[in-house]
Every structure is written in structure tokens, then in C-alpha cells.
Amino acid sequence: DSGVTQTPKHLITATGQRVTLRCSPRSGDLSVYWYQQSLDQGLQFLIQYYNGEERAKGNILERFSAQQFPDLHSELNLSSLELGDSALYFCASSVIRQGAYNEQFFGPGTRLTVL
Amino acid sequence: GIQVEQSPPDLILQEGANSTLRCNFSDSVNNLQWFHQNPWGQLINLFYIPSGTKQNGRLSATTVATERYSLLYISSSQTTDSGVYFCAVATGNQFYFGTGTSLTVIP
């Protein structure tokens, strides 16, 4: 168990809908990352938050957004869902010290199926 | 962005055999990690190794940052080692995963 929790584990929804995925980082970790794993694109970095502020953006679609709350949990919002958004969504957390890139620990993931 | 290439893409081993997985990356990195994704999809940390050598039981890893590659060694493989092994690197605030090596260990 990495200490990173994600809910829900599974989500089935229809095209055009909106969903919210939730992540709680390990105790003490200030940084949260979101990744998407799909069969055709592999594991892709979406976005990073550090202590409530957006720090880096990867291949995140405009239909997707995220935020990190004062208690450090994070939510990834996916809207106007398409069939191609079906994927495993991971959250990871780490501590960043003095600009060093510390070890990331991954949650169990949320499997999203868009029908 | 950085290109991360892993080889071989697929590997089938008899239980007890040893193997070496390779990760090449195209630019300087701040962070390099190896992960094992088990058949249930969980990503398990193996090593945080931006440079140098580390060992953990039957697994060890070496990163030669100046030559932009990392190696993961699995000795005396077991069926529970099956899954996909990923190398991930970071530069600046961007993170990149390789396409993985799919390992199957047969009894």
C-alpha cells in the first residue's frame, strides 16, 4: 500500500457526461500528479499541483481540469466525455524539497469506462 | 519532450532465470524511477535512481546518467515478477514514461 488513495475504483458513464476523480496524497506529501493510462497512448502525465498551486501541465485536454484543496486532496474533473477517454487514471504524490525531484508514489487508480 | 525507450518490449522467462531490462532516455533528467505494474494494474515503486546503483533483494538497478541509460536486473525470477516494468524520467516539471517491458515468467 503506497499510502495514496483514489476514489472511485471503477466508474462507468456515458458519452457527454462529466465525472470527478478524487485523490488523497500520502501524509506529508505536498505534490500531487495525475496520469492517464490508455492502451494506445501508454502512461501520460496530465498535470501536477504543489501545495494548492498548479506547477506543471502535460498532455491534459481542455475538457479536463484539476485542483488541489487546502487539505491537499486533489480532484480531476473530466467533462464532455468521449469514448477515447476510457482509461486508467492514476494519481501520485511526492515531497519536493529544494527543487529536488523526489520519489513518486502511485495510488491504485480509477478505471473509467465511457459507453 | 524527452524520448524514453525501453527494451526489450516483451520477455518470456523460465522461473529461476535472470534478466536485464534497459531504459534509454534522450536528455538529461532530474529523476528516474522504475515501476512494476502488476496484472491488477497497480504501479509499484521499485527504485528511485537518478544515478548510481541500488539493490533490493533479487532486484537491482544502475543508472549511468552521463550516458543516458538505466538498467534493471531481475535475478532468480519468480512467477510473481510477471507484469509490465516501466521506466519514468523527469526533467524540469515534466514527467515521461517509457512504453514498458512486458515480462512473463513461466513455471
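Everything quoted here is computed from the prediction, not taken from an experiment. Note on numbering: residues in each chain are counted from 1, in written sequence order. Lettering for chains starts from A, numbering for ligands starts from 1, and both go in the order in which the items are written. Reporting of local features is limited, given that this is a predicted model, to residues whose pLDDT is at least 70; pairs of side-chain atoms are given and counted only at 80 or more, and all residues count toward the totals for whole chains, interfaces and linings. Hydrogens are left out, water is left out, and the side-chain values use all remaining heavy atoms of the structure.

## Here's the deal with the state of the cysteines
As used in these notes, a disulfide is a covalent bond between sulfur atoms, one from each of two cysteines. Disulfides are defined as pairs of cysteine sulfur atoms found within 2.5 Å of each other. All told, the structure shown has 2 disulfides over all chains when counted by the stated rule. The residue that forms a disulfide with Cys23 of chain A is Cys91 of chain A, at a sulfur-sulfur distance of 1.8 Å. Around the S-S axis, the bridge from Cys23 of chain A to Cys91 of chain A shows a dihedral of about -50 degrees and counts as left-handed. In this pair, Cys23 of chain A is assigned in strand β3 (residues 19-24) and Cys91 of chain A in strand β9 (residues 87-94), connecting sequence segments 68 residues apart. In terms of burial, Cys23 of chain A and Cys91 of chain A fall into one category: buried. Here Cys23 of chain B engages in a disulfide with Cys87 of chain B; their sulfurs sit 2.0 Å apart. In this structure, the disulfide formed by Cys23 of chain B and Cys87 of chain B twists by about -55 degrees around the S-S bond and is classed as left-handed. You can see Cys23 of chain B sitting in strand β3 (residues 19-25) and its partner Cys87 of chain B sitting in strand β9 (residues 83-91), a full 64 residues away along the chain. Classification of Cys23 of chain B as buried rests on a relative accessible area of 0%. Note on classification: 1.4 Å probe, protein chains only; a residue is buried when its accessible area is under 20% of the maximum for its type, exposed when over 50%, partly exposed between these limits. For Cys87 of chain B, a relative accessible area of 0% puts it in the buried group. Helix and strand definitions here come from DSSP, where helices need a minimum of 4 consecutive H or I residues and strands a minimum of 2 consecutive E residues; each element is numbered from the N-terminal end.

## Looking at the pattern of salt bridges
All names here are of chain A. Any carboxyl oxygen of Asp or Glu within 4 Å of a side-chain nitrogen of Lys or Arg constitutes a salt bridge here. Under the counting rule described, the total for this entry stands at 4 salt bridges over all chains. Asp29 is paired through a salt bridge with Arg26; the nearest N and O atoms lie 2.7 Å apart. Classification of Asp29 by relative accessible area gives buried; the value is 2%. A salt bridge links Asp85 to Arg63, with the shortest nitrogen-to-oxygen separation between them at 2.8 Å. Of this pair, Asp85 sits in the loop between β8 (74-78) and β9 while Arg63 sits in the loop between β6 (53-57) and β7 (64-68), and the two are 22 residues apart along the sequence. Under the relative-accessibility criterion, Asp85 is labelled buried at 3%. Through salt bridges that share partners, Arg63, Glu82 and Asp85 make up one connected network.

## Let's talk about empty space enclosed by the protein
A cavity, in this analysis, means grid points on a 1 Å lattice covering only the protein atoms where a 1.4 Å probe fits yet has no way out; a pocket is instead an open set bounded by protein on both sides within 12 Å along at least five of seven lines, and a residue lines either one if it has an atom within 4 Å of a point. Grid points are joined across faces, edges and corners, and a volume is the space filled by probe spheres set on the points. This model, assessed by the stated rule, comprises 1 cavity of 30 Å³ or more. Tyr35, Gln104 and Phe106 of chain A together with Asn31, Gln33, Phe35, Ala88, Val89, Ala90, Phe95 and Phe97 of chain B together form the lining of the largest cavity. For the lining of the largest cavity, the elements supplying multiple residues, two or more each, are β4 (31-37), β9 and β10 (94-97) of chain B.

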